[in-house]
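The primary structure of each chain is shown beneath.
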Amino acid sequence: MGKVGFVVAVGIATVTCVVAAAVVGRRVRSRRKWMRVVGVLKELEQACQTPLSRLRQVVDAMAVEMHAGLASEGGSKLKMLLTYVDKLPNGSEKGIYYALDLGGTNFRILRVQLEGRRSSTIRHDVERMPVPQHLMTGTSKDLFDFIVASLRQFVEKEEAKDSPASTRELGFTFSFPVKQTSLNSGLLMKWTKGFSINDMVGKDVCECLQQALSRNGLDMHVAALVNDTVGTLALGHYNDEDTVAAVIIGTGTNACYFERADAIIKAQGLPTTSGGMVVNMEWGNFWSSHLPRTSYDIELDAQSPNPNDQGFEKMISGMYLGEIVRRVILRMSLESDIFGPVSPSLCEAFILRTPLMAAMHEDDSPDLNVVARALNDVLGIRDVPLKARKIVVNVCDVVSRRAARLAAAGIVGILKKIGRDGTGGIAGGRLKGGGSSSSSRSRRTVVTIEGGLYVEYRMFREYLHEAVAEILGEEFSPHVVLKVTEDGSGIGAALIAASYSSSESVDT
Ligand code: ADP
Ligand code: MG
């Protein structure tokens, strides 16, 4: 080889080396970035772990906190509110009853016809209306006059096509924090969900409604004030008398159950006809150091309008799951360019709604089209490679699985508190180990569940069922049935009004 040839050869070799080094360097860098994304996922998986041992700790903590909340006012983060519902509908209720369901931006009016026997369907008519924005922040008189005007129109329309009820009894579902003083009275503690009618705070909400009815000449009696979970329990019990608890997992989450009067230590001497009462747990506020908490949960809570509040709800309910997923994807995007430059939409809190998270999670197309579209349309992240889309599905899976398994542990916690979990339950606030009581062993127990997250999100529901069975064990879990209730918050209020008005009804 001549000198020139040698120089050319060396030159080519050098260029090849530089190019190869650049390619390898890029690959190494891209691999390193990819490993960082995988690392974020692994870390998330680790922090969200809910092995059976941990779920059992959550079950125990729930049962112990329930006991503490029943022992004294403010004894636990669980408020364990008295509902004054001391008997649940049993199918003997007869007649026509009304219900009004006010709990958010819509309100519903229902008319329910009961035949005096348990039947698979209850005849009912419903009308759903939005609450005009200006009434959410006006005066209580304006709000209730508007509601009563809608109610009057509904009653007139219904009674024109059907026989009028002899006396019009109404169940009022009011899903804001209320300190109940009897079945049909309760003081509004505070407004939530965008309502702010200052003249009503501290007032009796039933009285406000009853006064508006009289003022507007509508002959109707407010027979019961109920929380939406209590309505759900009422309908569940009407349909199936083995129903002992109700859980709502929708935008928020809450649960109630039937408790023995002597276990409600903070209200000793409470007169009940049945020896028990429904307790509204307000379980969204449950907290325990055993809950698997991540940095995402901590930041979400700190930046929320109610820090240190509703800790359980923030890990479980529909309002938050999509937001937790968004925070994880944002972190991945900040750590690597696998999602391209950080998208401004991805930085926007609550932009990723839980139904969309569910759709990504349940995307069964081979190239994950739904995930690609959601990332593109909502989060402004384009051209995401398939392996990154798979990571997004994994994130949804981890967040949803943890939520479902914690909700399952909460449910078993309630069963443990009332001795229906197949173990010894708790006594005197302390957990009894091992030995199973014979009544707990043999009795069929039904928990009724309602809410968009549970009903619409199949994977969430399946994880929840799986975890309940896992905690209860193969032998005992067939005794526990989880059932969906629909429209319980409205129909249930009418049922409670009926069971307290109807002479036909029998105590539970
Ligand atoms: P609310 O709790 O507001 O009374 P719902 O019980 O209907 O009303 O629950 C609505 C919530 O359920 C939504 O805010 C959403 O978080 C969740 N949700 C609704 N549809 C789905 C879905 N397809 N997948 C996952 N979550 C859903
Ligand atoms: Mg609801």
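The chain goes by Phosphotransferase in an unreviewed UniProt entry, where it is assigned to Carnegiea gigantea. Its UniProt record, at the heading Sequence similarities (unreviewed entry), says of the chain: "Belongs to the hexokinase family."

A. Examining the overall build of the chain more closely. On a plain count of helices and strands, the chain comes out with 15 helices and 15 strands. Across the 508 residues in the chain, those meeting the buried criterion constitute 52%. Taking all contacts inside the chain whose residues are at least 6 apart in sequence as the whole, residues at least 24 apart take part in 72%. Counting only carbon and sulfur atoms, one obtains 52% of the accessible surface of the chain, whose full area is about 22,100 Å².

B. How the structure looks around the side chain of Lys-314. Along the chain, the position of Lys-314 falls in helix α7 (residues 311–316). Side chain to side chain, Lys-314 and Ser-304 meet in a polar contact 3.1 Å long. Reaching out from Lys-314, the side chain makes a polar contact with the backbone oxygen of Asn-306 at a distance of 2.8 Å.

C. Quick peek at unusual backbone geometry. Here the phi dihedral of Glu-282 falls at roughly 50°; this positive angle occurs in a residue that is not glycine. With respect to the helices, strands and loops of the structure, Glu-282 is situated in the loop between β11 (276–280) and α6 (295–302). The phi torsion at Leu-368 lies on the positive side, around 50°, for a residue other than glycine. Mapped onto the elements, Leu-368 comes out in the loop between α9 (354–361) and α10 (369–377).

D. Region of interest: the nonpolar core. Counting residues in each nonpolar core, the largest one holds 93 residues, and the members touching the most others are Ile-249, Met-281, Trp-283 and Leu-464. Of the residues forming this core, the biggest block, 18 residues, is contributed by helix α11 (residues 386–417). Aside from chain neighbours lying at most four places away, what touches Trp-283 is Met-62, Leu-78, Val-247, Thr-253, Asn-254, Ala-255, Phe-312, Ala-407, Gly-410, Ile-411 and Ile-414. Counting 37 residues, the second-largest nonpolar core is a separate cluster that includes Tyr-98, Met-129, Leu-209 and Val-222.

E. Up close: the site of ligand 1. Around ligand 1, a shell composed of Gly-250, Thr-251, Gly-318, Thr-354, Pro-355, Ala-358, Gly-451, Gly-452, Leu-453, Glu-456 and Tyr-457 is seen. Here Gly-318 contributes a backbone N or O atom positioned 3.3 Å from an oxygen atom of ligand 1. One nitrogen or oxygen atom from the main chain of Leu-453 is found 3.2 Å from an oxygen atom belonging to ligand 1. Coverage of ligand 1 by the protein chains reaches 60% of its 560 Å² of free accessible surface. Grouping the amino acids of the shell around ligand 1 by side-chain chemistry returns 4 nonpolar, 6 polar and 1 charged.

Criteria and cut-off values
- Residues numbered from 1 in each chain as written.
- Chains lettered and ligands numbered in written order.
- Predicted model: local features only at pLDDT ≥ 70, side-chain atom pairs only at ≥ 80, totals over all residues.
- Heavy atoms only, no water.
- UniProt positions renumbered as here; feature names shortened; annotations may be inferred.
- Helix = DSSP H or I, 4+ residues; strand = E, 2+ residues; numbered from the N terminus.
- Buried < 20%, exposed > 50% of the residue type's maximum accessible area, 1.4 Å probe, protein only.
- Contact = heavy atoms within 4.5 Å.
- Areas by Shrake-Rupley, 256 points an atom, 1.4 Å probe, with all protein chains shown as cover.
- Polar contact = N/O pair within 3.5 Å; in protein donor to acceptor, adjacent residues only side chain to side chain.
- Core = buried A, V, L, I, M, F, W, Y, C linked by side-chain atoms within 4.5 Å.
- Near = heavy atom within 4 Å.
- Nonpolar A, V, L, I, M, F, W, Y, C, P; charged D, E, K, R; others polar.

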